[in-house]
Amino acid sequence: QVQLVESGGGLVQAGGSLRLSCAASGRTLSNYAMGWFRQAPGKEREFVAGHSRGGGNTDYAESVKGRFTISRPNAKNTVYLQMNSLKPEDTAVYYCAAGRTYWSDTRSSYDYWGQGTQVTVSS
């Protein structure tokens, strides 16, 4: 079993930056694909960024390319999401997820989820 805990959310002004952290316990993350999803009020949970299992492949939603960066340092059971140039439309609850698949941007492919951290971007 893997437990995931997100942190780092908060209230920022448009153009600001935040770094989200996802701390894992129970198992090492090296054997899991890692992803960040977000869910805004009244909307479905959507893929934001992903990091492949075993390799160095990453992918991002088109809306965050060039602004967000997912990282997973070796020998550390923590994954990060660096968010720069934040926009009001980035406001959402952000969720960290771990999956046994090689890589996926689909919610159903992930086995473990954190409880989420709120990110609010004011205009």
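As a reminder, the structure under discussion sits directly above these lines.
All of the points below concern the structure found in this document. Since this is a predicted model, take the numbers as computed values, not measurements.

**What to know about the pattern of salt bridges**
Logical step 1: Under the counting rule described, the total for this entry stands at five salt bridges.
Logical step 2: For Glu46, the salt bridge identified is with Arg38, shortest N-O distance 2.8 Å.
Logical step 3: Residue classification places Arg38 among the buried residues on the basis of a relative accessible area of 5%.
Logical step 4: Residues Lys65 and Glu62 are paired through a salt bridge, measuring 3.4 Å at the closest nitrogen-oxygen approach.
Logical step 5: The class of Glu62 is exposed, set by a relative accessible area of 65%.
Logical step 6: Salt bridges here are not isolated pairs; linked through shared partners, they connect Arg38, Glu46, Arg67 and Asp90.

**What to know about unusual backbone geometry**
Logical step 1: Positive phi, close to 50 degrees, is recorded for Ser85, a residue that is not glycine.
Logical step 2: Position of Ser85 among the secondary structure elements: in the loop between β8 (78-83) and β9 (92-99).
Logical step 3: A relative accessible area of 42% means that Ser85 is categorised as partly exposed.

**Considerations on the state of the cysteines**
Logical step 1: Tallying each qualifying case throughout the model produces one disulfide.
Logical step 2: Each disulfide pairs two cysteine sulfurs, and for Cys22 the partner residue is Cys96, the sulfurs being separated by 2.0 Å. Around the S-S axis, the bridge from Cys22 to Cys96 shows a dihedral of about -80 degrees and counts as left-handed. Residue Cys22 is found in strand β3 (residues 18-25), and its partner Cys96 is found in strand β9; the two are separated by 74 residues along the sequence.
Logical step 3: Its relative accessible area of 0% is what places Cys22 among the buried residues.
Logical step 4: Exposure remark for Cys96: the relative accessible area of 0% places this residue in the buried category.

**Focus: the pairing of strand β11 (residues 117-122)**
Logical step 1: Burial along β11 is one-sided: Thr117, Val119 and Val121 are buried, and none of Gln118, Thr120 and Ser122, which face the opposite way, are.
Logical step 2: When strand β2 (residues 10-13) meets β11, the two strands line up parallel, connected through four bridges. Bridge pairing links Val12 to Val121 in β11.
Logical step 3: For β9 and β11, the ladder comprises three bridges, and the chain directions are antiparallel. Within β11, the residue paired with Ala92 across the bridge is Val119.

The rules we used
- Residues numbered from 1 in each chain as written.
- Predicted model: local features only at pLDDT ≥ 70, side-chain atom pairs only at ≥ 80, totals over all residues.
- Heavy atoms only, no water.
- Salt bridge = Lys/Arg side-chain N within 4 Å of Asp/Glu carboxyl O.
- Buried < 20%, exposed > 50% of the residue type's maximum accessible area, 1.4 Å probe, protein only.
- Helix = DSSP H or I, 4+ residues; strand = E, 2+ residues; numbered from the N terminus.
- Disulfide = S-S within 2.5 Å.
- Pairing = 2+ DSSP bridges.

Keep in mind these numbers describe shape, not what the thing actually does.
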